[in-house]
Amino acid sequence: MTGEPDWVPPGVDTKRANVARVYDYWLGGSHNFLADQDLGRAIAAVEPNVRAFVRSGRDFLGRAVRFLGEAGVRQFLDIGSGIPTQGNVHEVAQRPDPGARVVYADIDPVAIAHSQAILAGNENAAIIDADLRDPEKILAHHVTGRLIDPGQPTGLLLVAVLHFIADADDPWRVVATLRDALAPGSYLVLGHATDESSKPGVAQAAEKVYNRSVSTRIHVRSRAEILRFFDGFDLVEPGLVSPPLWRPDSPSGLSDPSQVWGLAGVARKP
């Protein structure tokens, strides 16, 4: 899309690539612009499987939400939710239970505007404008207070977002703050880019291409660094693995799922 459709909020710079819109492009969405498409194609030139990688992360999220629902979780906090696409958290969670409650949080104006449009009339789902780096604001938000009961287990979803938080902003403290606010029996669902895939050189090259074009830099991390986010939680089987390998419904279609430069896991707060 190269024009300025009416869904673009005022002040949005469509000439510079944006995290949420690049993901939207890779997922086959329509809420992206030439700058986002150019960056998406540039990274695809480095890693031709990038669309499959991004889709595998999205599919992991859906499977994890279903798993949490089967475990009795009825409320979800999805931070860094991005631009809505197929298989959104509220759709997955509310399919078996229309009363399941979902709070989305994002800072991208396009993601927020589009989410507000599709959630209109859904009393059990809403989006707030909030930054993961300020977890206290997310927890104290009146919408969070309306939809999330702190005394009941919550599904905390941090998928493809923590790698946009720099070490200087201490993402481990951020996750610990959110963890401490969760009731026992809550779950953390996490997906994170890593440079410890079977193709670390490709991941590092893609990181450089990406960071040259966007204002929100990506920070790939080691397996050990990603495992630290699960402190205070108990990982469920199969542990921290490549997203296509986390309880797959069917083969991923990737010739080698370990090539995905990401790790994903689900853990329970005792």
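Please refer to the structure higher up on the page.
Quick notes on the rules
Residues numbered from 1 in each chain as written. Predicted model: local features only at pLDDT ≥ 70, side-chain atom pairs only at ≥ 80, totals over all residues. Heavy atoms only, no water. Helix = DSSP H or I, 4+ residues; strand = E, 2+ residues; numbered from the N terminus. Contact = heavy atoms within 4.5 Å. Phe/Tyr/Trp six-rings, centres within 6.5 Å; stacked < 30°, edge-to-face > 60°. Buried < 20%, exposed > 50% of the residue type's maximum accessible area, 1.4 Å probe, protein only. 1 Å grid on protein atoms, 1.4 Å probe; cavity = no way out; pocket = protein on both sides within 12 Å on 5 of 7 lines; lining within 4 Å. Points joined across faces, edges and corners; volume = space filled by probe spheres on them.

Peer 1: Tell me about the overall build of the chain, residues and numbers included.
Peer 2: Secondary structure summary: the chain contains 10 helices and 7 strands in total. Within the chain, residue pairs in contact and separated by at least 24 positions form 72% of the contacts whose partners lie at least 6 positions apart.

Peer 1: Tell me about the packing of aromatic side chains, and name the residues and values.
Peer 2: Taken as a whole and judged by the stated rule, the model has 6 aromatic pairs. Judged by centre distance (5.9 Å) and plane angle (65°), the ring pair of Tyr23 and Trp26 falls under edge-to-face. Note that Tyr23 and Trp26 are positioned in helix H1 (residues 19-26) at a spacing of 3 residues, about one turn of the helix. By relative accessible area, Tyr23 is classed as partly exposed at 22%. Pairwise contacts between aromatic rings join Phe60, Phe67, Tyr187 and Trp246 into one cluster.

Peer 1: Requested: an account of the layout of surface pockets, with residues and values cited.
Peer 2: Counted as a void, the second largest pocket has a volume near 300 Å³. Lining the second largest pocket we find 18 residues, and of these Arg55, Arg58, Asp59, Arg63 and Asp249 sit closest to its centre. At 8 residues, helix H3 (residues 50-70) tops the list of elements feeding residues into the lining of the second largest pocket.

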